[in-house]
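Architecture and fold: a report
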Amino acid sequence: MTITRMNRRQALVGATAAGVAALATTNTAAAAPRTTAAGDAAAGVMAPRPPMGWNSWNSFATTITEAQARETAAIMQAKLLPFGYDVFTVDIQWYEPEASSYTYNAKPTPALDGYGRLIPAPNRFPSSVGGAGFTTLARDVHAMGMKFGIHLMRGIPRLAVERNLPILGTRYRAADIADKSSICAWNPDMYGVDMTRPGAQAYYDSVFALYAGWGVDFVKMDDMSRPYDAHAPEIEGAHKAIVASGRPMVLSLSPGETPVVRGGHVREYAQMWRISDDFWDDWGMLEAQFTRLENWNPWRRPGAWPDADMLPLGRLALGQRDTKFTPDEQRTLMTLWSIARSPLIMGGDLRHLDAPTLALLTNRAVLAVNQASTDNQPHFVADGTRIWSARPEDAPADRYVALFNTTDKPKEVAIALRQLELGDAARVTDLWSDAALGRVTGRLAQRLPAHGAGLYRLTA
């Protein structure tokens, strides 16, 4: 029997005008300093810019092996690292010996150590044999100049509870802290941890201490937001465990459905959090991300990034197909993620990285919008359009402007220069083509294809 991970479409995050105003007020009040991991003092803040990297889910599902990871990491180092993509992440079920697809065994037998902590399946990751875990793979990824990340489900393995394994450094056992009523709807690996019970924090501390010892830099922690308030103690527990580990690790929460009104909480305890369910190459899903990114925009700050999810580009789904997004939709995707400063995590199979996809991912002018802009904000001008602007860090008097046509037909999309706090005229550069478009007076207007986008730099 298997359980399939559902590609659920989350309803649009709704908010009334009064609600948005309230959120903005709360956002200002919630900006108190947060407790940070050990490296924050030296680095200033964890994840000061939106993380960039690659994740195995969209292309390998649960199945990636060490050989495939090493091959992919080498390609990433050669082709994407020079442009800033530096987080290499092994996604879900690296501990499951029989993982085979986008489905999960109903009765999994994950690899565990003697304290109920997940370890790599040795048949898939041979360098982990003998208790090494991901130490060797992480070391080699670091030697390539990249960071190493792993996926982790919320809670404690059900198998650890069944065996009632001890919790490291305590007199408690797995059954003492497990909440068997707190289970994931789509994955059968774990029970929740009741953080009110003695030994609960010690368990999370032991987990993150183990992964810190392996050299993990980034943890994508899943099943954290549904429902958010019920899982908030485990979010806080994971954060505390990272601090206690002494190793700076970015905490990325997944999947979405974090309520926008909990923005103050989530950004205190994580550096990234998903704003939707799994995002795939479907126009309806992409169109829905506009509203989500608009609603989450007030909560973004350095070290706290609303995450619109991975980029399903290129070869996907265990090599069975290429992205369903049209070239125009692919440009819209990259333009939106960039202007809204969502993390840029490539999901496609890098072993089949074609020239158009590589060009899409490595346009330096576009990546600068994602990595080095401020005052990013949406403008609501006309039906069937979306417009965002931002200020370049290197020239705050200039403006980045992203124009989107969300209709099914070609359409002119325009915005008045006064709405961008520019003068009556401005010089325009197309960032995708690097073409100088000359001067515009009064407004910026471009005719865009269906589901298309343009990204420009305006200089007064």
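Residues numbered from 1 in each chain as written. Predicted model: local features only at pLDDT ≥ 70, side-chain atom pairs only at ≥ 80, totals over all residues. Heavy atoms only, no water.

**Let's talk about the overall build of the protein**
Quick reminder of the rule: Only DSSP runs of H or I reaching four residues or more are called helices, and only runs of E reaching two or more are called strands; each is numbered from the N terminus. When checking whether two residues touch, look at their non-hydrogen atoms; a contact exists if any pair is within 4.5 Å. In short, Shrake-Rupley with a 1.4 Å probe defines the accessible areas, and a residue's cover is counted only from the protein chains shown. Note that His is not counted, nor are the chain ends; the positive residues are Lys and Arg, and the negative ones are Asp and Glu. Note that the charge is assigned to NZ on lysines, CZ on arginines, CG on aspartates and CD on glutamates.
In terms of helices and strands, the protein carries 14 helices and 23 strands. Along the first, second and third principal axes, the C-alpha set of the protein runs to 75 × 45 × 45 Å. The long-range fraction of contacts in the protein, counting pairs at least 24 apart against all pairs at least 6 apart in sequence, stands at 73%. As displayed, the protein offers around 17,100 Å² of accessible surface, 53% of which is attributable to carbon and sulfur atoms. The averaged location of the 47 negative side-chain charges in the protein is 1 Å from the averaged location of its 47 positive side-chain charges.

**A look at the UniProt feature "domain: Alpha galactosidase C-terminal" (unreviewed entry) in the protein**
Heads up, the rule is: UniProt positions are given in the numbering used here, feature names are shortened, and annotations may be inferred rather than shown by experiment.
Taking the numbering used here, the UniProt-annotated feature "domain: Alpha galactosidase C-terminal" (unreviewed entry) corresponds to residues 384-458. For residues 384-458, helix accounts for 0% and strand for 61%, while the C-alpha atoms at its two ends are 23 Å apart.

**Let's talk about the pattern of salt bridges**
Once the charged atoms of two side chains with opposite charge are near each other, the side chains can pair. Our working rule: The rule for a salt bridge is simple: a side-chain nitrogen of Lys or Arg has to be within 4 Å of a carboxyl oxygen of Asp or Glu. Throughout this description, buried means an accessible area under 20% of the type-specific maximum (1.4 Å probe, protein chains only), exposed means over 50%, and partly exposed covers the range between.
Throughout the structure, instances matching the rule amount to 27 salt bridges. A salt bridge links D140 to R70, with the shortest nitrogen-to-oxygen separation between them at 2.8 Å. Residue D140 is located in helix α5 (residues 135-143), and its partner R70 is located in helix α4 (residues 66-79); the two are separated by 70 residues in the primary sequence. Take D140: its relative accessible area is 22%, and that puts it in the partly exposed class. Judged by relative accessible area, which is 28%, R70 ranks as partly exposed.

**With respect to the environment of G303**
Assignment of secondary structure puts G303 in the loop between α11 (283-296) and β12 (305-307). Residue classification places G303 among the buried positions, given a relative accessible area of 1%. Taking the C-alpha atoms as reference points, G303 and Q271, separated by 32 residues in sequence, lie 5.3 Å from one another.

**Description of the layout of surface pockets**
This is how it is decided: Note on definitions: the grid is 1 Å and covers protein atoms alone; a cavity is a set of points where a 1.4 Å probe fits but cannot get out; a pocket is an open set with protein on both sides within 12 Å along at least five of seven lines; lining residues have an atom within 4 Å of a point. Grid points are joined across faces, edges and corners, and a volume is the space filled by probe spheres set on the points. Three residue categories are used. Nonpolar comprises Ala, Val, Leu, Ile, Met, Phe, Trp, Tyr, Cys and Pro, charged comprises Asp, Glu, Lys and Arg, and polar comprises the others, including Gly.
The calculated volume of the largest pocket comes to roughly 350 Å³. Taken together, the residues that form the lining of the largest pocket break down as 12 nonpolar, 2 polar and 4 charged.

**Observations concerning the packing of aromatic side chains**
The geometry of an aromatic ring pair comes down to the distance between the two centres and the angle between the two planes. The cut-off we apply is this: Any Phe, Tyr or Trp ring, taking Trp's six-membered ring, that has another such ring centre within 6.5 Å forms a pair; planes under 30 degrees apart are called stacked, those over 60 apart edge-to-face, and the others tilted.
For the coordinates displayed, the defined rule picks out 18 aromatic pairs. Centre to centre, the rings of W57 and Y102 are 4.9 Å apart; their planes meet at 85 degrees, and the pair counts as edge-to-face. With W57 in helix α3 (residues 57-60) and Y102 in the loop between β3 (87-90) and β4 (103-105), this pair connects stretches of sequence that are 45 residues apart. Across the pair, exposure class does not vary: W57 and Y102 are buried alike. Ring pairs connect the aromatic residues W94, Y95, F125, F134, F148, Y211 and W214, which therefore count as one cluster.

**With respect to empty space enclosed by the protein**
Tallied over the full model, the rule gives 4 cavities of 30 Å³ or more. Its volume calculated, the largest cavity comes out at about 100 Å³. As for the largest cavity, its lining consists of N55, T89, F218, K220, S252, M272, R274, D307, D309, M310 and I345. Those elements giving two or more residues to the lining of the largest cavity turn out to be β9 (218-222) and β11 (272-274). When grouped by side-chain class, the residues that make up the lining of the largest cavity number 4 nonpolar, 3 polar and 4 charged.

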